[in-house]
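Coordinate analysis (summary)
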Amino acid sequence: DKPSSYEGAVTEHLRMSGIYWSLTALSLLVSPEQVDNLMNLTSIPKEPSNDDESTNKKASIVDFVFECYDEKSGGFGGNKYQDGHILYTLSAIQILALADSLSDPRLVSKTAEIVDFIQSLQQTDGSFAGDEWGEVDTRFTYCALSALSLLRKLEFGQDGDTNGSVVDVNKAAEYIASCQNFDGGFGCHPGAESHAGQIFCCVGALSIAKRLDLLKDSDLLCWWLSERQCDSGGLNGRPEKQADVCYSWWILSSLCILGRVNWIREDKLADFILKCQDDDDGGIADRPGDMADVFHTFFGIAGLSLIGFLSKIQNDESTDAYRMIDPIYALPTDVCQNLGLEAQIALPKKASNPDKRLKGYDVYEEK
């Protein structure tokens, strides 16, 4: 993992996202105080030294995040001294949200530049590029809207009007809608193959934009998602592919936003995720027998959270030992509720009340 090692070199650009995956996974299992103590999220521990203690401090994770800010672009990079990109800008803001540091003076002083960076990435058709080099992908629309929402820069009027927002939210939503395919799914741009990861980004973006009404056929979309469950109980991202733990998040989150988690066999999925654990070293792999990594560990825990598995195994039924994850913002629900984040969920016809983790969000009642 050292910068001079092969592993350090090939994962250098993923450091910001890797921190987000680690922190959020741990945040679903233990209290915020324990996260801080275990990960040095905001605290700055001092190592034993004969020198003056004040000169021997280890930077906290929050400090590291600000060291990855790119003054030239106005966004955050995946590591120190790297160009700003919308993917890592969202991860940085999510980390600061986890650390309850969105009011940190270092962020407040840079918020205008961050907003300008995101604003500059919106294209004339409503889509978003990832950085100055112009690659367009529906992932980037989700990242842009999620980041702006966390920064409280998406403004909704009483009638849902977003004219006061810093980007054209409706045009962004209309671009997302243009990416929906005949099978109900979404790709990375209009006409691209449907993919479960892209579907989360598109459904999540429409949720944050409060434009779930633009979905052409929610039943068809959710049918496509539920068809991703394999004989093993796991979920794949596209037809004829192997099951992979990460799709436990991408698919379940979309189904949760659209009120149809029960369209898959939750017990079979939980069994699959648990079989992907590394009994010796901990962590969760993409599938049974493979090497565990932090990416799949996060998405495996998040999937177990979305189907309520974690709450079933807690020892003390009088308290919520495990925090729940929000399917829209991919953060613990208490963080989203404390921030007063806004979004929209769908309520299918003849459906009961939505998941309790979604309380407070606007409800779009399907016709």
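Refer to the structure printed above.
Residues numbered from 1 in each chain as written. Predicted model: local features only at pLDDT ≥ 70, side-chain atom pairs only at ≥ 80, totals over all residues. Heavy atoms only, no water.

1. Concerning the packing of aromatic side chains
Going through the model one piece at a time under the given rule, you end up with nine aromatic pairs. Relative to Phe295, the ring of Trp21 lies with its centre 4.9 Å away and its plane at 80°, an arrangement referred to as edge-to-face. You can see Trp21 sitting in helix H2 (residues 15–27) and its partner Phe295 sitting in helix H14 (residues 294–306), a full 274 residues away along the chain. Of the aromatic side chains, those joined through ring pairs into one cluster are Tyr20, Trp21, Tyr142, Phe200, Trp249, Trp250, Phe295, Phe298 and Phe299. Over the ring of Tyr69 we find Lys110, and its NZ or CZ is 5.2 Å from the ring centre. Between Arg228 and the ring centre of Trp224, over which it is positioned, the NZ or CZ distance is 4.5 Å. (Phe/Tyr/Trp six-rings, centres within 6.5 Å; stacked < 30°, edge-to-face > 60°. Helix = DSSP H or I, 4+ residues; strand = E, 2+ residues; numbered from the N terminus. Lys NZ or Arg CZ within 6 Å of the ring centre and 35° of its normal.)

2. Here's the deal with the nonpolar core
Counting residues in hydrophobic clusters, the biggest one holds 113 residues, and the most contacted among them are Ile95, Ile118 and Trp249. Ranked by residues supplied to this core, first place goes to helix H10 (residues 196–209) with ten residues. (Core = buried A, V, L, I, M, F, W, Y, C linked by side-chain atoms within 4.5 Å. Buried < 20%, exposed > 50% of the residue type's maximum accessible area, 1.4 Å probe, protein only.)

3. Let's talk about helix H9 (residues 169–177)
For H9, the set of buried residues is Val169, Ala172, Ala173, Tyr175, Ile176 and Ala177. At its buried positions, H9 is contacted by helix H8 (138–150) and H10. The backbone nitrogen of Asn170 has a side-chain oxygen 3.5 Å away, supplied by the residue at the start of H9, namely Asp168. (Contact = heavy atoms within 4.5 Å. Polar contact = N/O pair within 3.5 Å; in protein donor to acceptor, adjacent residues only side chain to side chain.)

4. Notes on the pairing of strand S1 (residues 344–347)
Side chains Gln344 and Ala346 of S1 all project onto a buried face; the interleaved residues Ile345 and Leu347 project onto the opposite face, where all are buried too. Relative to strand S2 (residues 362–365), S1 runs parallel, the two being bridged by four bridges. Within the sheet, the bridge partner assigned to Ala346 lies in S2 and is Tyr364. (Pairing = 2+ DSSP bridges.)

5. Thoughts on the pattern of salt bridges
Taken as a whole and judged by the stated rule, the model has 13 salt bridges. Across the pair Asp63 and Arg106 runs a salt bridge whose closest N-O atoms are separated by 2.8 Å. Here Asp63 is found in helix H4 (residues 61–67), whereas its partner Arg106 is found in helix H6 (residues 105–108), with 43 residues between them in sequence. (Salt bridge = Lys/Arg side-chain N within 4 Å of Asp/Glu carboxyl O.)

6. Thoughts on the state of the cysteines
Applying the stated criterion across every chain yields a total of zero disulfides. The closest cysteine sulfur to the non-disulfide-bonded Cys179 is located on Cys202, 5.7 Å from its own sulfur. In this structure Cys276 is not part of a disulfide, and its nearest cysteine sulfur, from Cys246, lies 11 Å away. (Disulfide = S-S within 2.5 Å.)

7. Comments concerning H8
With 13 residues, H8 should cover 18 Å at 1.5 Å per step; its first-to-last C-alpha distance of 19 Å lies within 8% of that length. Across the 13 residues that make up H8, a large majority, twelve, are buried. For H8, the full list of buried residues reads Thr138, Phe140, Thr141, Tyr142, Cys143, Ala144, Leu145, Ser146, Ala147, Leu148, Ser149 and Leu150. Tucked into the core, H8 has its buried residues touching helix H5 (86–98), helix H7 (111–120), H9, H10 and helix H16 (333–339). For H8, the capping residue at the N-terminal end is Asp137, with a side-chain oxygen 2.8 Å from the backbone nitrogen of Arg139. (Expected span 1.5 Å × (residues − 1).)

8. Concerning the side chain of Ser194
By the secondary structure assignment, Ser194 is in the loop between H9 and H10. Engagement of the side chain of Ser194 in a polar contact is seen with the side chain of Asn181, the distance being 2.9 Å. Every residue in contact with Ser194, bar those within four places of it in the chain, is listed here: Asn181, Asp183, Gly185, Phe186, Gly187, Trp224 and Arg238.

So far we have only geometry, and geometry alone does not tell us how the molecule works.
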